[in-house]
Amino acid sequence: MPESITITDNRNGQTVEIPIENGGVAASAWSKLLPGIWFYDPGFTSTAACESGVTFLDGEAGILRYRGYPIEELAERSSYLEVAYLLLKGELPTPAQFEEWRREITHHTFIHENLRKRFLEGFHYDAHPMGMLVSAVAALSTFYPEAKNIFDPESREKQIIRLIAKMPTLAAAAHRFYVGMPFVYPDNSLGFAANFLSMMWKIAEPRFDANPALAHALDVLFILHADHEQNCSTTAMRVVGSSHADPYSACAAACSALYGPRHGGANEAVIRMLTDIGSIDHVDDFVAAVKRGEGRLQGFGHRVYKNYDPRARIINRTADEVFEVTGKNPLLDIALKLEERALSDEYFTSRRLYPNVDFYSGLIYQAIGFPIDMFPALFAIPRTSGWLAHWVELLDQESKIARPRQLYAGEAERHYTPIGDR
Ligand SMILES: CC(C)(COP(=O)(O)OP(=O)(O)OC[C@H]1O[C@@H](n2cnc3c(N)ncnc32)[C@H](O)[C@@H]1OP(=O)(O)O)[C@@H](O)C(=O)NCCC(=O)NCCS
């Protein structure tokens, strides 16, 4: 028996059967059966805007899989570049495919000199690195005008490689400018994460060899952040992509969405919260204040995870590995005590509030040496592969431009009066 919902229209007594497909209702079926009746759904909390095969997420069960592979296995055994390939192509690469992919990405890490000299160096001296990154990504479309040929497979592949390869270079360039240090060219003898660390911190040494444990930890964080299905920035990528804009412009929109504190800024909020708490002696007072409704426990709770965020579990281990090298982040003890208190408190457990990925990621970034202003850029670098995977999927499956309806709540018709009569 096909599943359906029976709806009685009390305006005219008519009954309609609405078919249920994949656990939901297709708007096309709905609008034919109940013309003119539509949904008011700000934030799209009850709306599936697309069909996607990239990432599976079950927030109730705490499951996250990229193309079917559990995030735990990928974080443990894969590398960010391999995961980027998987997200984009749908399958893990063979050794030959991976070698070609790695070579291509490595050889596109350089940026046009004019992008650096005339564009990036034109920013105000204290420009926020994420503001610079958003603008630089958009500016790339002017350097590669063939990017607008989005249905040419060769051009599409080229832009994908360029974007994944150049994000670390642009992010590091923005940081160097912000702190008044000279730009560091990519070192193509280094791996993806190690090269980024070199561009961030190299000074006068001929070659910057990052501590391998730190480069590996960063690579794991890149894997964990590579995709998260239809989040705000991916939706921005899809919406702009649906107008057939070139991928740089669409990616700049996605980066802008990530810049917002509600999306890419939560780990920063965690660091600020831990700094404000200041000592483990103040944890109980802080928790009591949160329970009285005075602020939130940052890094706790999630719109979709109502169980432990699987990424937070992996990050716990990564944090240990990083702190072994860098020494413990002094804020860690406060974080651990906060977690322990919250997880044994009925207020948090009854609301199913568990640590999310941001609870520990900021502590790791800070211990590695990244300034807080770089946190959203560290998120944007790996998420680029996820954005692009969704963009490719969108172009291959849909031709409709995103165009939601609105609930008009403004004035009824009225007539213009000349300015002197008002
Ligand atoms: C992520 C977040 C926005 C999800 O929100 P949501 O699913 O819309 O949940 P709600 O805001 O409806 O919260 C449900 C209940 O839990 C409480 N709650 C949710 N997150 C909380 C937190 N971090 N600290 C304290 N209480 C919290 C709310 O006050 C509400 O309580 P009530 O039912 O008594 O009113 C929210 O948990 C939050 O603000 N977390 C902190 C910021 C953060 O870490 N964001 C990163 C997400 S990756």
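Definitions and cut-offs
- Residues numbered from 1 in each chain as written.
- Predicted model: local features only at pLDDT ≥ 70, side-chain atom pairs only at ≥ 80, totals over all residues.
- Heavy atoms only, no water.
- Near = heavy atom within 4 Å.
- Polar contact = N/O pair within 3.5 Å; in protein donor to acceptor, adjacent residues only side chain to side chain.
- Areas by Shrake-Rupley, 256 points an atom, 1.4 Å probe, with all protein chains shown as cover.
- Nonpolar A, V, L, I, M, F, W, Y, C, P; charged D, E, K, R; others polar.
- Core = buried A, V, L, I, M, F, W, Y, C linked by side-chain atoms within 4.5 Å.
- Buried < 20%, exposed > 50% of the residue type's maximum accessible area, 1.4 Å probe, protein only.
- Helix = DSSP H or I, 4+ residues; strand = E, 2+ residues; numbered from the N terminus.
- Contact = heavy atoms within 4.5 Å.
- Expected span 1.5 Å × (residues − 1).
- Pairing = 2+ DSSP bridges.
- Phe/Tyr/Trp six-rings, centres within 6.5 Å; stacked < 30°, edge-to-face > 60°.
- Lys NZ or Arg CZ within 6 Å of the ring centre and 35° of its normal.
- Axes fitted to C-alpha atoms, helices over the stretch in contact; angles between N-to-C directions.
- Parallel < 35°, antiparallel > 145°, perpendicular 65-115°, else oblique.

A.B. asks: Even after reading the chapter, I still don't get the site of the ligand, so can you show me in this structure?
C.D. replies: In the vicinity of the ligand there are 16 residues, among which R296, L297, G299, F300 and R351 approach most closely. Taking L297, its main chain carries an N or O atom lying 2.8 Å from a nitrogen atom of the ligand. Contact distances for the ligand include 2.8 Å between an oxygen atom and a backbone N or O atom of G299. Relative to its unbound accessible surface of 860 Å², the ligand loses 64% to contact with the protein. Its residues placed into classes, the shell around the ligand shows 6 nonpolar, 5 polar and 5 charged.

A.B. asks: What am I meant to see in the nonpolar core here?
C.D. replies: Where a protein is soluble and globular, its nonpolar side chains tend to be buried together. Y66, W101, I164, F196 and F370 are the most contacted members of the largest nonpolar core, which has 120 residues in total. At 13 residues, the largest contribution of residues to this core is made by helix α18 (residues 375-397). Excluding its chain neighbours within four sequence positions, the residues that come into contact with W101 are L81, A84, Y85, L88, K89, E157, I160, I161 and I164.

A.B. asks: Looking at this structure, I do not really get helix α6 (residues 129-143). What am I missing?
C.D. replies: Think of an α-helix as 3.6 residues a turn; residues three or four steps apart then line up on the same face. Along its 15 residues, α6 runs 21 Å from first to last C-alpha, staying within 8% of the 21 Å computed at 1.5 Å per residue. P129, M130, M132, L133, V134, A136, V137, A139, L140 and S141 are the residues of α6 that are buried.

A.B. asks: Looking at this structure, I do not really get the sheet that holds strand β3 (residues 55-58). What am I missing?
C.D. replies: Neighbouring strands of a sheet are bound in pairs by backbone hydrogen bonds; such pairs are parallel or else antiparallel. Read across the open sheet, the 3 strands follow the order β3-β4-β5; overall the sheet is antiparallel. Pairing within the sheet leaves two strands with one partner each, and these edge strands are β3 and β5 (69-70). Alignment of strand β4 (residues 63-66) against β5, held across 2 bridges, turns out to be antiparallel. Residue pairing across strands places R65 opposite P70, the latter belonging to β5.

A.B. asks: How should the packing of aromatic side chains be read in this particular structure?
C.D. replies: The description of an aromatic ring pair rests on the distance of the ring centres and on the angle between the ring planes. Per the counting criterion, the structure on display carries 19 aromatic pairs. Centroid distance F300 to F359: 5.2 Å. Interplanar angle 85 degrees. Geometry classified as edge-to-face. A residue pair is termed long-range when its members are at least 10 positions apart, and F300 in the loop between α13 (283-291) and α14 (310-326) and F359 in helix α17 (residues 358-368) qualify at 59 residues. There is no split in this pair, since F300 and F359 are both buried. The structure contains a cluster of three or more aromatic residues connected by ring pairs, namely Y80, F192, F196, W201, F222, Y365, F370 and F375. One residue, R156, lies across the ring of W391, its end atom 5.8 Å from the ring centre. The residue whose ring lies beneath R351 is Y347, and the NZ or CZ to ring-centre distance is 3.8 Å.

A.B. asks: Honestly, the side chain of H228 in this entry has me stumped. Any pointers?
C.D. replies: Note on placement: H228 falls in the loop between α9 (212-224) and α10 (232-241). By relative accessible area, H228 is classed as buried at 8%. At a separation of 2.8 Å, a polar atom in the side chain of H228 contacts the side chain of Y305. Beyond its immediate sequence surroundings of up to four residues, H228 is in contact with T55, L57, L64, H302, Y305, R311 and R383.

A.B. asks: Please explain the environment of P247 as it appears in this structure.
C.D. replies: In this structure, P247 sits in helix α11 (residues 247-259). Taking the C-alpha atoms as reference points, P247 and Y80, separated by 167 residues in sequence, lie 21 Å from one another. Every residue in contact with P247, bar those within four places of it in the chain, is listed here: A147, I150, Q159, L163, M237, L388 and W391.

A.B. asks: Please explain the packing of helix α3 (residues 80-89) against helix α4 (residues 95-106) as it appears in this structure.
C.D. replies: Between two packed helices, what matters for the description is the angle formed by their axes and the separation of those axes. Running from amino to carboxyl end, α3 crosses α4 at an angle of 105 degrees, the nearest separation of the two axes being 10 Å. With respect to α4, the element α3 is oriented roughly perpendicular. Of the residues in α4, those touching α3 at L81, E82, A84, Y85, L88 and K89 are Q97, F98, W101, R102 and I105. Considered class by class, the residues forming the contact of α3 with α4 number 7 nonpolar, 1 polar and 3 charged.

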